[in-house]
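# Secondary and tertiary structure notes
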Amino acid sequence: MRVIVKLSGKTLADQTSRESVCRELVQLANKGIQMLVVHGGGQQLSQHCKRAGIPVAQYQGRRITDEVTLEAAKMVFSGINRDLTANLCSHGMKALGMSAFDGGLTQCHRRPPIPVQIGTTPKIEMVDFGLVGEIDKVNPEPIEVLWGYGYIPVISCLCADSDGKIMNINADTLAAELALALRADRLVSASDVDGIYTDPKDPSTQIESLDIRTARDYLSTGVFVDGMVPKVETAIRALERGVHTFQVLNGLQKGTLSQCTKQAIGTLLVP
């Protein structure tokens, strides 16, 4: 079985959180699953930018990345990757850290300005997100080789174009494209919440299962806000193109990641 695990920056916020996640991943890997880990770092990047006096600009959960923010992202994401890889190795796992451009894993281009709906209104606005990459192609060979030798790739959300220009890339998008190229059985998005809620302030509104049609309805009526918007949009695209299951769960809760393939934990998005 092949599982792609995407970890949000919130699940890796400190050593305690990282250790909790690593213990869960070790248990998952010990089940004989071929696993690949993609991590974000949005929370850490925003905190670093605020400390350094760098403006933080986001639009409906998507970060606008200028040159200064990109330099900060290179440092922050690489640091997270080193820490996570080292922690996994300390637990006996053959983890190998890399970025999305290492070994020619992905080919990307800079995202052009895209139309974005303004809230629940019909108004559409063109937004330029700056130095943010979109994936043209995934070369699965580097991952297949690593898996063949028993390694677990740990991938940061930095990509590059054909000229070698490094760019930021949404971690959920990267994980989805890798899941498709590697014909993964499941894509798991782990954060610090138990799943997807119709009301983010009320945990009792958690959704157990969500199909594409209902997800689109919720998006159009403004049920999902902020970072949940690009996550659900990515899930819809992944499911439409062949990913069997997109699972959103709490990566910090004991028994969630390690049992994600055995139980209906969190929210399951299905075709």
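Residues numbered from 1 in each chain as written. Predicted model: local features only at pLDDT ≥ 70, side-chain atom pairs only at ≥ 80, totals over all residues. Heavy atoms only, no water.

## Examining the packing of aromatic side chains
Evaluation of the coordinates by the stated rule reveals one aromatic pair. Here K94 stacks its cationic end above the ring of Y151, 4.4 Å away from the centre of that ring. R111 extends its terminal NZ or CZ atom over the ring of F129, reaching a point 5.2 Å from the ring centre. (Phe/Tyr/Trp six-rings, centres within 6.5 Å; stacked < 30°, edge-to-face > 60°. Lys NZ or Arg CZ within 6 Å of the ring centre and 35° of its normal.)

## Observations regarding the environment of V76
Here V76 is to be found in helix α3 (residues 67-90). With relative accessibility at 11%, the residue V76 sits in the buried group. Residues V76 and H48 lie 28 residues apart in sequence; the distance between their C-alpha atoms is 7.8 Å. In contact with V76, other than residues within four places in its own chain, are G41, Q44, L45 and H48. (Helix = DSSP H or I, 4+ residues; strand = E, 2+ residues; numbered from the N terminus. Buried < 20%, exposed > 50% of the residue type's maximum accessible area, 1.4 Å probe, protein only. Contact = heavy atoms within 4.5 Å.)

## Let's talk about the side chain of R63
Structurally, R63 can be placed in strand β4 (residues 62-63). Although R63 is buried, it makes no salt bridge; D66 carries the closest opposite charge, 8.9 Å away. At a separation of 2.9 Å, a polar atom in the side chain of R63 contacts the main-chain carbonyl oxygen of G42. Separated by 2.9 Å, the side chains of R63 and S46 make a polar contact. (Lys, Arg positive; Asp, Glu negative; His and termini not counted. Salt bridge = Lys/Arg side-chain N within 4 Å of Asp/Glu carboxyl O. Polar contact = N/O pair within 3.5 Å; in protein donor to acceptor, adjacent residues only side chain to side chain.)

## Brief notes about helix α5 (residues 171-181)
For α5, a buried count of 10 out of 11 residues is recorded, marking the element as mostly surrounded by other parts of the structure. Every buried residue of α5 is accounted for by A171, D172, T173, L174, A175, A176, E177, L178, A179 and L180. Two to three positions downstream of the cap, the backbone nitrogen of D172 sits 2.9 Å from a side-chain oxygen, assigning the N-cap of α5 to N170.

## Focus on helix α2 (residues 42-52)
Inspection of α2 places Q44, L45, S46, H48 and C49 among the buried residues, and these make up the whole buried set. Residues of α2 that are buried in the fold lie against β4 and α3. Phi turns positive one or two residues past the end of α2, at G53, with a value near 75°.

## Overview of the nonpolar core
In terms of nonpolar packing, the biggest core is built from 79 residues, with L7 and I155 touching the most fellow members. Contact partners of I155, with chain neighbours within four places excluded, come to L36, V37, V38, H39, N81, M98, S99, A100, L105, I143, L174 and L178. Counting five residues, the second-largest nonpolar core is a separate cluster that includes Y59, V116, F129 and V132. (Core = buried A, V, L, I, M, F, W, Y, C linked by side-chain atoms within 4.5 Å.)

## Considering the pairing of strand β10 (residues 152-156)
Burial of β10 is extensive: five of the five residues sit out of reach of the surface. A two-sided burial pattern is seen for β10, the buried positions comprising I152, V154 and S156 on one face and P153 and I155 on the other. Note: strand β5 (residues 95-99) against β10, five bridges, orientation parallel. Its bridge partner being in β10, G97 is matched across the sheet by V154. (Pairing = 2+ DSSP bridges.)

## Describing the packing of helix α1 (residues 15-29) against α3
Across the interface, α1 lies against α3 with an axial gap of 10 Å and an inter-helix angle of 50°. Put simply, α1 runs oblique to α3. Seen along the crossing, α1 lies across α3 with a hand that is right-handed. For the pair α1 and α3, contact is made by Q15, R18, E19, C22 and L25 and by D83, L84, N87 and L88, respectively. Among the residues making up the contact of α1 with α3, the classes are represented as four nonpolar, two polar and three charged. (Axes fitted to C-alpha atoms, helices over the stretch in contact; angles between N-to-C directions. Parallel < 35°, antiparallel > 145°, perpendicular 65-115°, else oblique. Left-handed = near helix turned anticlockwise from the far one by under 90°. Nonpolar A, V, L, I, M, F, W, Y, C, P; charged D, E, K, R; others polar.)

## A word on the pattern of salt bridges
Applying the stated rule across the entire model yields nine salt bridges. Between E144 and R2 there is a salt bridge; the shortest N-O distance is 2.8 Å. Of the two residues, E144 is situated in helix α4 (residues 141-148) and R2 in strand β1 (residues 2-7); the sequence distance between them amounts to 142 residues. Put simply, K74 and E71 hold a salt bridge, and the shortest N to O gap is 3.0 Å. With K74 and E71 both in helix α3 and three residues apart, this pair spans about one turn of that helix. You can call E71 partly exposed: its relative accessible area is 44%.

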